[in-house]
Protein chains: 2
Amino acid sequence: MPTVEDLVERLFAGNRRALSRLLTLIENDSPEGRRALRLLYPSSGRAHTIGLTGSAGSGKSTLSGAIARETRRRGRTLGIVAIDPTSPFSQGALLGDRIRMQDLTSDPEVFLRSMATRGNMGGLAPSTAGVVTALDAFGKDAVLVETVGAGQDEVEVAGMADTTIVVLTPGAGDDVQAMKAGIMEIADILVVNKCDLPNADLLARQVASIVDAAPGARRTPIIKTAGAQEEGIGALLDAIEEHRAYIETSHIRERHRLEQARHQVIALARQRLIDRLVAEHGANGRLDDLVAQVARREIDPHSAADQLIGED
Amino acid sequence: MPTVEDLVERLFAGNRRALSRLLTLIENDSPEGRRALRLLYPSSGRAHTIGLTGSAGSGKSTLSGAIARETRRRGRTLGIVAIDPTSPFSQGALLGDRIRMQDLTSDPEVFLRSMATRGNMGGLAPSTAGVVTALDAFGKDAVLVETVGAGQDEVEVAGMADTTIVVLTPGAGDDVQAMKAGIMEIADILVVNKCDLPNADLLARQVASIVDAAPGARRTPIIKTAGAQEEGIGALLDAIEEHRAYIETSHIRERHRLEQARHQVIALARQRLIDRLVAEHGANGRLDDLVAQVARREIDPHSAADQLIGED
């Protein structure tokens, strides 16, 4: 049984199997996983991280595959983290998708990792950032995180990525008006995918009018793609490169990474604090007591929480 | 300026204006809001809480309106909390929707409250449970919480509701196969809405095959509706009543409310703990220091979190 230190050494030597094993430790948030992250973290921060998000059925996964191929054509290496339960990289894959992805899975310069979502309905696992760190330390030029969700997940992935791409499709039930503020808040690049479908031009025009109305120095580019036909992928890669250069020269990346660090430290501290509290008051029966009182409506949840943390 | 105690007294006397003002205090999570909840909580727990969730464009809002009308026809009172940014009850309303909802907004036995989402992309606000408590204490027979989202939000609303309804529509990009496990985990009732659209029968059959394959004593009912035409709404109300009786006689409701209480107390304690920590170490510069070290990759986020909570 190799130690974590052995595995990390092998990872730095380019061993994919060691990377895989470390990713499992990190994903399980085991003590070994945390030790691995401590060793890997100083060597991370070099990869360009890309978030790719959009609703189910928007063709994100096919798009991920096309982005990966074009990235390789341009001579760069890539890690892909698929948190999307509908991704062909994860278990839900249809046979056709799997075959289409085979050229990628056999390329030693592409590393795919599919992760379980937090619960069956999706959601970023808390260990996602750690998985990205490991792929980054492994030396990938870019790490793409693919996630599904119309809600909080997108905001989370945006908080983790240098460049966030939001994928929209005509007729997918995306209510552009309703998503307006949200899209502009997180998208660095907007993609209208399946641009061969009817209404694609209408959607692109709607999106353009929202983009035009948004304040700010940089106009969010809108790229039309057809992932399955690999159309528009060159333009998308160009837009990713442009955004990468933009955030570097304008020091946005620096500020953004400071925010990311803050967010991550607070999220981890929050989890540890509550774990400690639940362990302590779970063992002595205090938590069960308070919960039963709340369920019987003898005290309210706020007062119970105050008592639990010793602020009553 | 009336005190919180005055407002609570008026609420118990049936004053809607007092309820509105208290809801604002609760929604803002102000000290007055917490005091109000302390006073209201013992009188809550009587309302049947219903979660209504589904992706954007699934017609949930129109369905909420139809459910409200049928509830009133059956002589019961209702509170509606709309957290869906596309809901006609919230600002995103189209004129036509507003007009359609006018009969409800003028009914004194229906109380509508639209809430801001957590961030622009959706997500349940932490104060949602408090808003439900207030409507419950106000004496509403049922409280319906309408929320959008394909991800974590649905799980959250299910954790809060006695009965959770998941709305699906043909061709809305809902990937039934992918949602399979998730749907069965949270849905007490499945609705195939817009059942006049093509492929509605196909969707209903797909859903039925998932339901049939699921373990458990109770078969999740599948109700076909056309919200805009108010079709199938009687059957849906019957299914809600059936589920309500089922969870009462099988003591599921009791167990469920204990879980809800536990979840809520822990969530509130978690928030207070981190607020306290950030206030303390934010003021003394320790947090900024650690965050900067993480951003410079001098220490990893886990070690920083440990140091922050005093466990290094």
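Residues numbered from 1 in each chain as written. Chains lettered and ligands numbered in written order. Predicted model: local features only at pLDDT ≥ 70, side-chain atom pairs only at ≥ 80, totals over all residues.

Undergrad: Describe the overall build of chain A, naming the residues involved and giving the relevant values.
TA: A count of helices and strands for chain A gives 13 helices and 7 strands. Residues classed as buried in chain A amount to 50% of the 312 residues present. A sequence separation of at least 24 residues applies to 71% of the contacts in chain A between residues at least 6 apart. (Helix = DSSP H or I, 4+ residues; strand = E, 2+ residues; numbered from the N terminus. Buried ≥ 20, exposed ≤ 12 C-beta atoms within 10 Å, placed from the backbone. Contact = placed C-beta atoms within 7 Å.)

Undergrad: Got a sec to walk through unusual backbone geometry? Specific residues and values, please.
TA: All names here are of chain A. One non-glycine residue, H251, lies in the positive phi region at around 60°. Its place among the elements puts H251 in the loop between α10 (233-249) and α11 (252-283). Since 9 C-beta atoms lie within 10 Å of it, H251 is described here as exposed. Phi at R297 takes a positive value of approximately 65°, unusual for a residue other than glycine. Of note, R297 is situated in the loop between α12 (286-295) and α13 (301-308). A tally of 17 C-beta atoms within 10 Å means that R297 is categorised as partly exposed.

Undergrad: Requested: an account of the environment of L7 of chain A, with residues and values cited.
TA: Residues and elements named next belong to chain A. Along the chain, the position of L7 falls in helix α1 (residues 4-12). Residues L7 and A18, 11 residues apart in the sequence, show an inter-C-alpha distance of 5.2 Å. Residue contacts for L7: discarding those within four places in its chain leaves P2, A18, R21, L22 and A36.

Undergrad: I'd like a description of helix α2 (residues 16-27) of chain A, backed by residues and values.
TA: All names here are of chain A. Taking 1.5 Å of rise per residue, the 12 residues of α2 would be expected to cover 16 Å, and the 16 Å separating its terminal C-alpha atoms lies within 8% of that figure. Looking at the buried positions of α2, the neighbouring elements they touch are α1, α3 (31-40), β3 (110-114) and α6 (128-137). The first or second residue beyond α2 is D29, which carries a positive phi of 50°. (Expected span 1.5 Å × (residues − 1).)

Undergrad: Hey, could you go over the pairing of strand β2 (residues 78-82) of chain A for me, with residue numbers and the actual values?
TA: Residue and element names in this part refer to chain A. Among the 5 residues that make up β2, 5 are buried, leaving the element largely enclosed by the rest of the structure. Relative to β3, β2 is paired through 5 bridges, and the arrangement is parallel. Within β3, the residue paired with V81 across the bridge is R113. (Pairing = 2+ DSSP bridges.)

Undergrad: Kindly report on the packing of α1 of chain A against α3 of chain A, identifying the contributing residues and their values.
TA: Residue and element names in this part refer to chain A. Following both chains from N to C, one finds α1 and α3 inclined at 40°, their axes separated by 10 Å at the closest point. On the basis of their axis angle, the class for α1 and α3 is oblique. Crossing hand, α1 versus α3: right-handed. The residues of α3 that touch α1, namely those facing V4, L7 and V8, are E32, R35, A36, L39 and L40. (Axes fitted to C-alpha atoms, helices over the stretch in contact; angles between N-to-C directions. Parallel < 35°, antiparallel > 145°, perpendicular 65-115°, else oblique. Left-handed = near helix turned anticlockwise from the far one by under 90°.)

Undergrad: Summarise the packing of helix α2 (residues 16-27) of chain B against helix α3 (residues 31-40) of chain B; cite the residues concerned and give the values.
TA: Residues and elements named next belong to chain B. Packing of α2 against α3 brings their axes to within 7 Å, and their N-to-C directions diverge by 115°. Relative to α3, α2 is oriented so that their crossing is left-handed. Residues L22, L25 and I26 of α2 form the contact with α3, whose own contacting residues are E32, G33, A36 and L37. Of the residues belonging to the contact of α2 with α3, the class tally is 5 nonpolar, 1 polar and 1 charged. (Nonpolar A, V, L, I, M, F, W, Y, C, P; charged D, E, K, R; others polar.)

Undergrad: Could you give me a rundown of the environment of S55 of chain A, with the residues and numbers involved?
TA: Within the fold, S55 of chain A resides in the loop between β1 (48-54) and α4 (60-73). Measuring from C-alpha to C-alpha, the distance between S55 of chain A and A200 of chain A comes to 16 Å, with 145 residues separating the pair along the chain.

Undergrad: Any chance you could break down the confidence of the model for chain A for me, citing the residues and the numbers?
TA: All names here are of chain A. On average, residues of chain A score 85 in pLDDT, and 82% of them reach the 70 mark or higher. Throughout residues 90-96 the model reports pLDDT below 50, and contacts reaching past four residues in sequence, or to other chains, amount to 12 contacts. Overall fold confidence for the complex sits at a pTM of 0.77, while the interface term, ipTM, reaches 0.83. (pLDDT = per-residue confidence, 0-100.)

Undergrad: Just give me the short version of α6 of chain A, but keep the residues and values in it.
TA: Quick reminder: α-helices carry 3.6 residues per turn. Residues three or four places apart thus point the same way. The buried count for α6 of chain A comes to 10 of 10 residues, which makes it a mostly enclosed element. Within α6 of chain A, burial applies to T128, A129, G130, V131, V132, T133, A134, L135, D136 and A137 of chain A.

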